[in-house]
Amino acid sequence: MSDKQNFSLSGSAAIDALNAAVLLKNLQSKVDLASVDVRSMVNALPALAQARLKNPLAGQLEFSADEMRVSAKDFSAVKLKGQVSGGEVNTAFFKVPVKNITGKVEIANQDLSIAGVSGMIGDGRIDFNALINDYRGAQGYKINLKGENLNMKDVPAQGSQDISLEGLASFESTFEGQGLSDFSSFQPASGTASVRLKQGKLMNINVLKIVLDKMSMIPDLVANLEANLPEQYKEKLKQNDTDLRAVNLDMKVEQGIFNINQAQIETDIFSVAGNGKMDLHLNTEMQAKISIPEDLSGSMAQ
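Residues numbered from 1 in each chain as written. Predicted model: local features only at pLDDT ≥ 70, side-chain atom pairs only at ≥ 80, totals over all residues. Heavy atoms only, no water.

Quick notes on the packing of aromatic side chains
Evaluation of the coordinates by the stated rule reveals one aromatic pair. Between the aromatic rings of Phe175 and Phe258, the centroid separation amounts to 6.0 Å while the plane-to-plane angle is 70 degrees, which identifies the pairing as edge-to-face. With Phe175 in strand E9 (residues 164–178) and Phe258 in strand E12 (residues 257–267), this pair connects stretches of sequence that are 83 residues apart. Residue classification places Phe175 among the buried residues on the basis of a relative accessible area of 11%. On the accessibility criterion, Phe258 (7% relative accessible area) is buried. (Phe/Tyr/Trp six-rings, centres within 6.5 Å; stacked < 30°, edge-to-face > 60°. Helix = DSSP H or I, 4+ residues; strand = E, 2+ residues; numbered from the N terminus. Buried < 20%, exposed > 50% of the residue type's maximum accessible area, 1.4 Å probe, protein only.)

The structure is reproduced here in structure tokens:
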């Protein structure tokens, strides 16, 4: 799989010259993942393309197989069991590597099971379990994904480079559907997802100032409003960012659309409650109600 040869292998082999393949039986193997090329893994298991892995890898993989067929372009196993320990991977989803990865994988004919996978992303933790039926073909999947205390600073640029989100995020999700080879066509047929954010902050955007700017079409309103604002809000207008005390989203997935049943956002100035929908490209439609403190609403009425 690479120019390195850091692996051990035992078993019996037979050459299929007609199909340019090797048939392996009663296989036992240990592999140093640093010797594995990500491209080879994706060629063998197309579903891994979803993970958007990048070289280099690290850790140890141990596996056994009753029967395995390998060629330059293909891979199949009648029954295979494996486990990873001390793993480390780089993925396009995060700025930092995922470390301390452990987990088990099992292939039985055309079904792939991934169980008890966990890893650390900075000080946060991620857990993953999946069952993929016909993993080399239709790829019907059931996925459970959970994350705890993930620092948003470890996530790649989020949309606009001028505005970013900070804080500690936790989430829990389940997805069912078909087709995993192409991320752009990833459309879960059903599932649920919940997201929680604490100690959050919207960087380089002052939401209160934007709200007031939207009211500038009414002559003298903004000037009078700013003059009557309590001192604490006048100070808030000078800030570049918006503090988020809490963000809570509860969603149900239907045909690739995340229906937001309940959204609650609490800033240091106001709170928002609403619902809506969002797709995997973050195109969002929301209906929301904004609640503001009595002293701020009183200044608006003057």
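Considering the side chain of Ser118
Inspection of the secondary structure assignment puts Ser118 in strand E6 (residues 111–121). Excluding its chain neighbours within four sequence positions, the residues that come into contact with Ser118 are Asn100, Ile101, Thr102, Arg125, Ile126 and Asp127. (Contact = heavy atoms within 4.5 Å.)

Overview of the pairing of strand E14 (residues 284–291)
Examined bridge by bridge, strand E13 (residues 271–278) and E14 share eight bridges and lie antiparallel to one another. Paired with Gly276 across the bridge in E14 is Met286. Linkage of E13 to E14, two consecutive antiparallel strands, is achieved through a turn of five residues, within which Leu282 is found at a positive phi near 70 degrees. (Pairing = 2+ DSSP bridges.)

Quick notes on unusual backbone geometry
For the bond from Asn55 to Pro56, the omega torsion is 0 degrees, close enough to zero to count as cis. Of note, Pro56 is situated in strand E3 (residues 53–71). Unusually for a residue other than glycine, Asn26 sits at a positive phi of about 50 degrees. When you line up the elements, Asn26 lands in strand E2 (residues 21–32). For Asn26, a relative accessible area of 56% puts it in the exposed group. Even without being glycine, Asn204 reaches a positive phi, approximately 65 degrees.

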